[in-house]
Amino acid sequence: METPLTVVVLAAGLGTRMKSRKAKVLHRAGGRYLIEHVLRTARTLAPPERIFVVVGHQSAEVRAAVDTPGIGFIEQSEQKGTGHALMAAADTLSNSGGRLVILYGDCPLVRPETLEGLISAQQSSDASGAILTAVMDDPTGYGRVLRDGDGNVTGVVEQRAGTPEQLAIREANMGLYCYRAAPFWRHIQDLRPDNPAREYYLTDMVEILHRAGHGIAAFRVDDPREVLGINDREELAVVDRLLRARKVRELMLAGVTIEKPETATVDPDVTIGMDTIVEPFVQILGHTTIGENCRIGACSIVQDSELADEVEVGPFTIIGTSRLERGAHAGPYARLRMENHVAAGAHIGNFVELKKTRIGAGSKAMHLAYLGDAEIGPRVNIGAGTITCNYDGTLKHKTRIGSGAFIGSNSTLVAPIEVGDGAYVGAGSVLTKPVPPDSLAVGRAHQIIKEGWARKRRERK
Ligand code: UD1
Ligand code: CA
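For clarity, every value in this text was computed on a predicted model and none was experimentally measured. (Residues numbered from 1 in each chain as written. Chains lettered and ligands numbered in written order. Predicted model: local features only at pLDDT ≥ 70, side-chain atom pairs only at ≥ 80, totals over all residues. Heavy atoms only, no water.)

Student: How should I be thinking about the overall build of the chain in this particular structure?
Tutor: Within the chain, the regular secondary structure consists of nine helices and 39 strands. Radius of gyration (C-alpha) of the chain: 31 Å, far over the 23 Å computed for a compact globule of 461 residues. Taken along its principal axes, the extent of the C-alpha atoms in the chain is 110 × 50 × 40 Å. Buried positions account for 50% of the 461 residues belonging to the chain. Long-range contacts, defined as pairs at least 24 residues apart, comprise 41% of the intrachain contacts of the chain with a sequence gap of at least 6. For the chain, the accessible surface area stands at approximately 21,800 Å², while carbon and sulfur atoms represent 50% of it. Here the chain contributes 54 positively and 55 negatively charged side chains, and the mean placements of these two sets differ by 10 Å. (Helix = DSSP H or I, 4+ residues; strand = E, 2+ residues; numbered from the N terminus. Rg over C-alpha atoms; globule rule 2.2 N^0.38 Å. Buried < 20%, exposed > 50% of the residue type's maximum accessible area, 1.4 Å probe, protein only. Contact = heavy atoms within 4.5 Å. Areas by Shrake-Rupley, 256 points an atom, 1.4 Å probe, with all protein chains shown as cover. Lys, Arg positive; Asp, Glu negative; His and termini not counted. Charge placed at Lys NZ, Arg CZ, Asp CG, Glu CD.)

This is the structure in structure tokens:
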């Protein structure tokens, strides 16, 4: 681009139609704040130093949600309309020169290619600005694009201000603009709140510049779904679905099988290797990476975790901030709560919960166990019903289980405790003292047998 480009993102409004205590741009779709999507797209056009966000409603929270250093902020302390937001920016930006691209923070789907199209529509004509438009089946709520007999754009009329004839126009203003900075800033103070909403409408700039003799180009996108603005929760859900579908499609084209893809929720930073199968209703969230040839069972949730190749996750399994090495199994119905490491080939079975636990290669905890703050070596067998008592009411304590140990079913390991390599714990034991390597530990009441007792009891009755 031959002249410098400044991007302004409008994000000061509350978004009344969201019916929320949270600013609209802080709602999430496709796994990110709405504002994050727009800023990522802005970053493809300009360096952070040339990107400015107009903030107002909950400005501290919105600033905090913007994690790119260098981006500038402009305060619009009272929100008197989209035009007023630019009036608030005039002090900072009116000498910036070059071109000005204006984006709305509630329009997260727009692709960089489309913005480049908008910018070149302005550059290749001698127009002072270009607006992005789309012909919609139902443009209700959007501004309508007015044209004269020759097809030149003459203005934009808002839903609330339009006559019935104007509202019958199906070409809508999508809220993305590219202006030459000089005429734009020269005329910004001409905006007047002379409309039913008593707002300063940015859209009035089209008519103002047209009247001042400047041409305005329209760049029309074929698919209005790409530039949907979000005003209420229903539109939020529509956009979320479209963003999710984009991600899932990318993965499928890269060799991942996704069964019933419309039910999958995969966050944007997730990576998944070839030939992995994702069953229906799975959520893969945050910075999760999954290797090749894995299977993620139906209805499982995997968050901020790393799964190596060939990992099998059974249905209804929940995994958070954990690492599973090659060929490990978890689930069905397992919960790997946080900071676990499951070594190669280890099995975590149904109704087993792990917290801050490392379990060695080939070890198994197949059913009904709680293993918290535990270091478990390789080739260990953890019987059903084993509990690490890691919490004494005040402090957390560690359990160590050496390689090849066998923990019988229904054992209670009161931490801190250590079970040595190769040791054997009898079922039903409550252990409070260390178990030496290769020993047997049994910590339970002795069994008593009274011959004939039951028969005699029956005969008495
Ligand atoms: C706007 C356009 C409409 C267009 C539609 C596309 C105007 C007047 N109308 O309507 O023509 O069809 O977008 O989606 O521009 N904002 C501020 N400060 C304010 C008011 C709003 O920063 O004082 C921000 C909001 O946070 C939001 C964006 O501007 O991100 C758009 O505002 P919104 O109220 O959603 O405009 P629409 O009514 O959708
Ligand atoms: Ca909007």
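Student: Looking at this structure, how should I read the nonpolar core?
Tutor: Across soluble globular proteins, nonpolar side chains show a tendency to be buried alongside one another. Core analysis: the largest hydrophobic core is formed by 50 residues, its most contacted members being Val7, Leu103, Met174 and Leu176. Take this core: its biggest share by element is five residues, from helix 1 (residues 34-43). Setting aside its immediate chain neighbours within four residues, Leu176 contacts Ile102, Leu103, Cys107, Val110, Leu115, Leu118, Ala130, Ile131, Leu132 and Val227. In this structure, Val313, Ala334, Leu354 and Ala365 belong to the second largest nonpolar core, which totals 48 residues. (Core = buried A, V, L, I, M, F, W, Y, C linked by side-chain atoms within 4.5 Å.)

Student: Is there a simple way to think about a positive patch on the surface in this case?
Tutor: On the surface, a cluster of positive charge is contributed by Arg455, Lys456, Arg457, Arg458, Arg460 and Lys461. Within the secondary structure, Arg457 is located in helix 9 (residues 453-460). (Patch = residues over 30% accessible without salt bridge, like charges linked within 9 Å, V, L, I, M, F, W, Y side chains within 5 Å. Salt bridge = Lys/Arg side-chain N within 4 Å of Asp/Glu carboxyl O.)

Student: Looking at this structure, I do not really get the packing of aromatic side chains. What am I missing?
Tutor: Each pair of aromatic rings is reported with the distance of its centres and the angle of its planes. Under the definition given, this model contains seven aromatic pairs. Between Phe184 and Trp185, the ring centres sit 5.1 Å apart and the planes meet at 90 degrees, which makes this aromatic pair edge-to-face. One exposure class covers both Phe184 and Trp185, and it is buried. Put simply, the rings of Tyr104, Tyr177, Tyr179, Phe184 and Trp185 pair up and form one aromatic cluster. When the ring centre of Tyr33 is taken as reference, the NZ or CZ atom of Arg28 above it lies at 4.7 Å. Directly above the ring of Tyr391 sits Lys396, whose terminal nitrogen or CZ lies 5.2 Å from the centroid. (Phe/Tyr/Trp six-rings, centres within 6.5 Å; stacked < 30°, edge-to-face > 60°. Lys NZ or Arg CZ within 6 Å of the ring centre and 35° of its normal.)

Student: Even after reading the chapter, I still don't get the pattern of salt bridges, so can you show me in this structure?
Tutor: Any two side chains of opposite charge can pair, given that their charged atoms come close. Under the criterion given, the structure shown has 21 salt bridges. For Asp137, the salt bridge identified is with Arg170, shortest N-O distance 3.5 Å. Of this pair, Asp137 sits in the loop between strand 7 (129-135) and strand 8 (143-147) while Arg170 sits in the loop between helix 5 (164-167) and strand 10 (171-180), placing them 33 residues apart in sequence. Since its relative accessible area comes to 74%, Asp137 is described here as exposed. Residue classification places Arg170 among the partly exposed residues on the basis of a relative accessible area of 41%. Taking the shortest distance from any N to any O, the salt bridge between Glu171 and Arg147 comes out at 2.9 Å. Within this pair, whereas Glu171 is found in strand 10, its partner Arg147 is found in strand 8, the two being separated by 24 residues in sequence. Overall, Glu171 belongs to the buried group, its relative accessible area being 7%.

Student: Help me out: how do you make sense of the site of ligand 1 in this one?
Tutor: As a matter of local geometry, ligand 1 sits amid 23 residues, with Gln76, Thr82, Tyr104, Glu158 and Asn173 nearest to it. One of the backbone N or O atoms of Gly81 is found 2.8 Å from an oxygen atom in ligand 1. Between Asp106 and ligand 1, the recorded distance is 3.0 Å, taken from a side-chain N or O atom to an oxygen atom. Against a free-state accessible area of 760 Å², the protein chains account for coverage of 90% of ligand 1. Looking at the shell around ligand 1 residue by residue, the class counts come to eight nonpolar, 10 polar and five charged. (Near = heavy atom within 4 Å. Polar contact = N/O pair within 3.5 Å; in protein donor to acceptor, adjacent residues only side chain to side chain. Nonpolar A, V, L, I, M, F, W, Y, C, P; charged D, E, K, R; others polar.)

Student: Help me understand the coordination of the calcium ion (ligand 2), please; the structure alone is not making it clear to me.
Tutor: Between any two of four tetrahedral donors, the ideal angle at the metal is 109.5 degrees; between two of six octahedral donors, it is 90 or 180 degrees. Taken together, Asp106 (OD) and Asn231 (OD1) make up the protein donors of the calcium ion (ligand 2), found 2.3 to 2.5 Å from the metal. Of this pair, Asp106 sits in the loop between strand 6 (99-104) and helix 4 (112-124) while Asn231 sits in the loop between strand 11 (216-221) and helix 8 (233-253), placing them 125 residues apart in sequence. For Asp106, a relative accessible area of 13% puts it in the buried group. (Donors = N, O, S within 2.8 Å, 3.2 Å for Na, K, Ca; no water.)

Student: I'm lost on helix 1 in this one. Help?
Tutor: Since the α-helix turns once every 3.6 residues, residues separated by three or four places project in the same direction. Among the 10 residues that make up helix 1, eight are buried, leaving the element largely enclosed by the rest of the structure. Every buried residue belonging to helix 1 is among Leu34, Ile35, Glu36, His37, Val38, Leu39, Thr41 and Ala42, and all of these are buried.

Student: Would you explain the side chain of Glu279 in this entry?
Tutor: Looking at the element boundaries, Glu279 is found in the loop between strand 15 (277-278) and strand 16 (283-285). A distance of 2.8 Å separates the side chain of Glu279 from the backbone nitrogen of Ala298, its partner in a polar contact. The residues contacting Glu279, other than those within four sequence positions of it, are Glu259, Arg295, Ile296, Gly297, Ala298 and Pro315.

Student: Mind showing me how you'd approach the pairing of strand 25 (residues 335-338) here?
Tutor: On any regular strand, side chains alternate: one points to one face of the sheet, the next to the other face. Alignment of strand 22 (residues 318-320) against strand 25, held across two bridges, turns out to be parallel. The residue of strand 25 that forms the bridge with Ile319 is Leu336. Two strands pair when backbone bridges link them, and strand 25 and strand 27 (residues 347-355) are joined in this way by three bridges, in the parallel orientation. The residue bridging Leu336 from the neighbouring strand is Leu354, located in strand 27. (Pairing = 2+ DSSP bridges.)

Student: It is not clear to me how the side chain of Ser429 should be interpreted in this structure. Could you clarify?
Tutor: Structurally, the position occupied by Ser429 is in the loop between strand 37 (424-425) and strand 38 (430-431). Non-local contacts of Ser429, meaning those with residues more than four positions away in its chain, are made with Asn410, Ser411, Thr412, Ala441, Val442 and Gly443.

Student: Would you explain the environment of Leu209 in this entry?
Tutor: Inspection of the secondary structure puts Leu209 in helix 7 (residues 204-211). Considering only alpha carbons, one finds Leu209 and Val419, 210 residues apart in sequence, at a separation of 81 Å. In this structure Leu209 touches Ser128, Tyr179, Pro183, His187, His214 and Ile216, once residues within four positions along its chain are discounted.

Purely geometric numbers; function is a separate question.
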